[in-house]
Amino acid sequence: MPMTTDALPSPGPIPEQAAPPGPAPQPTRPPEAARSAPDRLLAVLAAFDHDHPALSLTDISRRAGLTLTTAHRLVGALTEWGALERDASGIYHVGLRLWELAALAPRGLALRQIALPYLEDLYEATHENVQLAVRDGDEVVYIEWLSGRSAVGVHIRVGGRWPLHATGVGLALLAHGDPSSQEAYCQGPLASFTPYTIADALRLRRVLAEVRRTGVAVSSRQVTEDALSVAAPVRGPGGAVVAAVSVVVPQVGAQVPVLTPAVRVAARGISRALGWQPDEPRRGSLIPGRGISPS
């Protein structure tokens, strides 16, 4: 059904009452009275996700842990501003105003636009899955994905997240993070998805050291047992790693030595387009052909 931000007939005032029965709010969420106004507003937006892109007012109330009265008031304000849209059946969706704001994120649409020509070149060279991702805490967030009909199946989507240790792009990003964050991640719980997923700190430390030594990350059968990825870091103007690019191919018959140069070329091209000067590597960074510069 078409969506609109135009005002629809108001459902009328809703008396103060608890949300209808349903899944309980997060156990750590404080009572509504103890939550700040911004927290309540953000809780309404956080009620939407990939599995719940369309919600009724009752759904929003329950998922945000708010009374119907509070949810009704906040949803109305967000709809009027354009952050939410209400269709003809009264169901709410994320509005275009949020997409406009998200497009301003330097690690989102702007980075994607700069990287896209190089991603397309990598796809044309391989005709396999090509991905661009950034780090957000202990996860990677995919901001672009190119795939062909014959490419190996992958469990990702633009905007999707995976733990850092389980993907090629995640390993490339984690390996070039600061040492304290690396160690904290290694000490934390490492989710396992297949028998081949890196699941212990010692092995992860060895893998990260190898990524720094070679300049590429190879992730084999970590998320699915039929896929292998080769990833390389993307650097910003100051030399810091800001993203990672990868190609994902069938694990059987994968030729890592053939894929590695193509992925490196794509990563270096994006880095140059972002303003990285390869002749002026930062301390502790990889110098092609010479290993790691002294810190």
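Being a predicted model, the structure only gives us computed values, none of them experimental. (Residues numbered from 1 in each chain as written. Predicted model: local features only at pLDDT ≥ 70, side-chain atom pairs only at ≥ 80, totals over all residues. Heavy atoms only, no water.)

Participant: Got a minute to help me understand helix H8 (residues 201–214) in this structure?
Facilitator: Residues separated by three or four positions in an α-helix point in the same direction, a consequence of the helix having 3.6 residues per turn. Over its 14 residues, H8 runs 20 Å from end to end, which matches the ideal 20 Å to within 8%, given 1.5 Å per residue. The set of residues buried in H8 consists of Ala-201, Leu-204, Val-207, Leu-208 and Val-211. The buried side chains of H8 occupy one side of the element, clustering within an arc of 120 degrees when seen end-on. Exposed positions of H8 whose direction lies more than 90 degrees from the buried face are Leu-202, Arg-206 and Arg-213. Summarising the contacts, the buried residues of H8 are in contact with helix H6 (168–175), helix H7 (179–187) and strand E8 (217–220). (Helix = DSSP H or I, 4+ residues; strand = E, 2+ residues; numbered from the N terminus. Expected span 1.5 Å × (residues − 1). Buried < 20%, exposed > 50% of the residue type's maximum accessible area, 1.4 Å probe, protein only. Arc of directions from axis to C-beta. Contact = heavy atoms within 4.5 Å.)

Participant: Sorry, what's going on with the pairing of strand E6 (residues 139–146) here?
Facilitator: Consecutive side chains of a regular strand alternate in pointing toward one face of the sheet and then the other. Counting buried positions along E6 gives 6 out of 8 residues, so the element sits mostly inside the fold. Of the strand pairs in this sheet, strand E5 (residues 129–136) and E6 are connected by 7 bridges, and their pairing is antiparallel. When the sheet's bridge partners are listed, Ala-133 is paired in E6 with Tyr-142. Between the end of E5 and the start of E6, which pair antiparallel, lie 2 residues, with Gly-137 showing a positive phi angle near 70 degrees. When E6 meets strand E7 (residues 161–163), the two strands line up antiparallel, connected through 3 bridges. By the bridge assignment, Val-140 is partnered in E7 with Trp-162. (Pairing = 2+ DSSP bridges.)

Participant: Before we go on, may I ask you to explain the pattern of salt bridges in this structure?
Facilitator: Close approach of charged atoms allows side chains of opposite charge to pair. In this structure the tally under the stated criterion is 7 salt bridges. Here Asp-59 makes a salt bridge to Arg-62, at a shortest N to O gap of 3.1 Å. Residue Asp-59 and its partner Arg-62 are located together in helix H2 (residues 57–64), separated by 3 residues, close to a single helical turn. Taking the shortest distance from any N to any O, the salt bridge between Arg-161 and Glu-139 comes out at 3.0 Å. In this pair, Arg-161 is assigned in strand E7 and Glu-139 in strand E6, connecting sequence segments 22 residues apart. For Glu-139, a relative accessible area of 31% corresponds to the partly exposed category. Here the salt bridges share partners, and the residues they tie into one network are Asp-136, Glu-139 and Arg-161. (Salt bridge = Lys/Arg side-chain N within 4 Å of Asp/Glu carboxyl O.)

Participant: Even after reading the chapter, I still don't get H6, so can you show me in this structure?
Facilitator: Within H6, 8 of the 8 residues are buried, leaving the element largely enclosed by the surrounding structure. Within H6 the residues assigned to the buried category are Gly-168, Val-169, Gly-170, Leu-171, Ala-172, Leu-173, Leu-174 and Ala-175.

Participant: I tried to follow the confidence of the model for the protein chain on my own but got confused; where do I start?
Facilitator: As a note on interpretation, predicted positions should not be read in detail where pLDDT is low. Per-residue confidence for the protein chain gives a mean pLDDT of 82, with 80% of residues at or over 70. Across residues 1–27, where pLDDT falls below 50, the model places 39 contacts with residues more than four positions away in sequence or in other chains. With pLDDT under 50 throughout, residues 283–295 is counted as low confidence; its partners more than four residues away or in other chains account for 23 contacts. (pLDDT = per-residue confidence, 0-100.)

Participant: What is the right way to read the environment of Arg-97 from this model?
Facilitator: Considering the arrangement of structural elements, one finds Arg-97 in helix H4 (residues 96–102). Arg-97 sits in the partly exposed class, given a relative accessible area of 33%. Separated by 16 residues in sequence, Arg-97 and Trp-81 place their C-alpha atoms 7.8 Å apart. When neighbours within four sequence positions are excluded, Arg-97 is seen to be in contact with Trp-81, Gly-82 and Ala-83.

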